[in-house]
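# Examining the three-dimensional arrangement
One-letter residues, chain by chain:
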Amino acid sequence: MRESVQAEVMMSFLVSEELSFRIPVELRYETCDPYAVRLTFHLPGDAPVTWAFGRELLIDGVGRPCGDGDVHIAPADPDAFGEVLIRLQVGGDHALFRSGAAPLVAFLDRTDKLVPLGQERSLADFDTHLDEALDRILAEEQSAG
């Protein structure tokens with residue numbers, strides 16, 4: 001069984017209303033983390049930056065505004081299917097990206113063929129990976145504090 005799905009999408013990095021530029025963004029979905037998608041942004045002059053967030057958030061955001069906290073996704077025009085805005089925030093800093101909806105939907109369709117939405121829990125190793133990840137996070141927090 002294939003264990004991941006990848007795609008590269010060109011997105012516009014919206015620096016301001018007057019300035020934007022196109023960047024490649026790698027989308028990745030892995031069965032070892034079936035609830036999440038990863039987007040790696042290749043910004044000019046900087047090391048690639050990867051964000052992980054819920055696959056369901058990306059699915060929902062293509063059709064309607066959604067997201068709490070650091071990730072917000074919404075159609076660029078609520079009355080037309082075509083482009084999606086992805087807003088990422090860390091503290092007071094944020095970055096805004098615009099993508100065509102079609103390549104995101106095509107990527108999400110491929111993830112659904114790998115692991116149908118709602119079937120994530122059926123992956124036998126997921127609970128083991130989750131326990132290992134939680135143990136690692138707790139160990140890192142204890143050693144840092």
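Within any chain, residue numbers begin from 1 and follow the written order of that chain's sequence. In keeping with the predicted nature of the model, local features appear solely for residues at pLDDT of at least 70, side-chain atom pairs appear and are counted solely at 80 or more, and the whole-chain, interface and lining totals rest on all residues. Only hydrogens and water are set aside when side-chain values are computed; all heavy atoms of the structure are taken into account.

Looking at an unreviewed UniProt entry, one finds the chain named SsgA family sporulation/cell division regulator and attributed to Streptomyces kaempferi. UniProt positions are given in the numbering used here, feature names are shortened, and annotations may be inferred rather than shown by experiment. The Subcellular location (unreviewed entry) field of the UniProt record for the chain holds the comment "Cell septum".

So, on to the pattern of salt bridges. Salt bridges are defined by distance alone: a side-chain nitrogen of Lys or Arg within 4 Å of a carboxyl oxygen of Asp or Glu. Summed over all chains, the structure comprises 5 salt bridges. Ionic pairing is found between Arg 28 and Glu 30, a salt bridge with its closest N-O pair at 2.6 Å. With relative accessibility at 21%, the residue Glu 30 sits in the partly exposed group. In this structure, the salt-bridge partner of Arg 64 is Asp 60, at a minimum N-O distance of 3.4 Å. Note on classification: 1.4 Å probe, protein chains only; a residue is buried when its accessible area is under 20% of the maximum for its type, exposed when over 50%, partly exposed between these limits. On the basis of relative accessibility, which here comes to 45%, the residue Arg 64 falls in the partly exposed class.

Once that is clear, we can look at the packing of aromatic side chains. How two aromatic rings sit relative to each other is set out by the distance from centre to centre and by the angle between their planes. Note on aromatic contacts: the rings of Phe and Tyr and the six-membered ring of Trp form a pair at centre separations within 6.5 Å, being stacked when their planes are under 30 degrees apart, edge-to-face when over 60 apart, and tilted otherwise. Across all of its chains, the model carries 3 aromatic pairs by this definition. Centroid distance Phe 13 to Phe 21: 5.3 Å. Interplanar angle 90 degrees. Geometry classified as edge-to-face. Judged by its relative accessible area of 16%, Phe 13 is buried. Within the aromatic cluster, the residues linked to one another by ring pairs are Phe 13, Phe 21, Phe 41 and Phe 97.

Time to look at helix H2 (residues 101-114). With 14 residues, H2 extends 20 Å from end C-alpha to end C-alpha; this agrees with the ideal 20 Å at 1.5 Å per step. Residues Ala 101, Leu 104, Phe 107, Leu 108, Thr 111 and Leu 114 constitute the buried set of H2. Taken end-on, H2 shows its buried residues confined to a sector of 140 degrees, consistent with a single buried face. Structural note: H2 exposes Ala 102 and Lys 113 on the side pointing more than 90 degrees away from its buried face. The contact criterion used throughout is that any non-hydrogen atoms of two residues lie within 4.5 Å. A run of H or I in DSSP counts as a helix once it spans at least four residues, and a run of E counts as a strand once it spans at least two, with each numbered from the N terminus. Residues of H2 that are buried sit in contact with strand S1 (4-14), strand S2 (20-30), strand S3 (36-41), helix H1 (55-63), strand S6 (83-90) and strand S7 (93-100). Every helix has an expected span of 1.5 Å times one less than the residues it contains. Each direction from the helix axis to a C-beta atom contributes to the arc, which is the arc of those directions.

This brings us to the sheet that holds strand S4 (residues 49-54). Pairing between two strands requires that DSSP report at least two bridges joining them. Overall, antiparallel pairing links the 7 strands, which are arranged S4-S3-S2-S1-S7-S6-S5 in an open sheet. The sheet terminates laterally at S4 and strand S5 (71-75), the two strands that pair on one side only. Mean inter-strand twist for the sheet, computed between neighbouring axes without regard to direction, equals 30 degrees. Here S3 pairs with S4 via 6 bridges, running antiparallel. Pairing of Ala 36 across the sheet is with Gly 54, part of S4. Relative to S1, H2 is tilted by about 160 degrees, and along the sheet it contacts S1, S2, S3, S6 and S7. Note on geometry: axes are lines fitted to C-alpha atoms, helical ones only across the stretch in contact, with angles between N-to-C directions running from 0 to 180 degrees.

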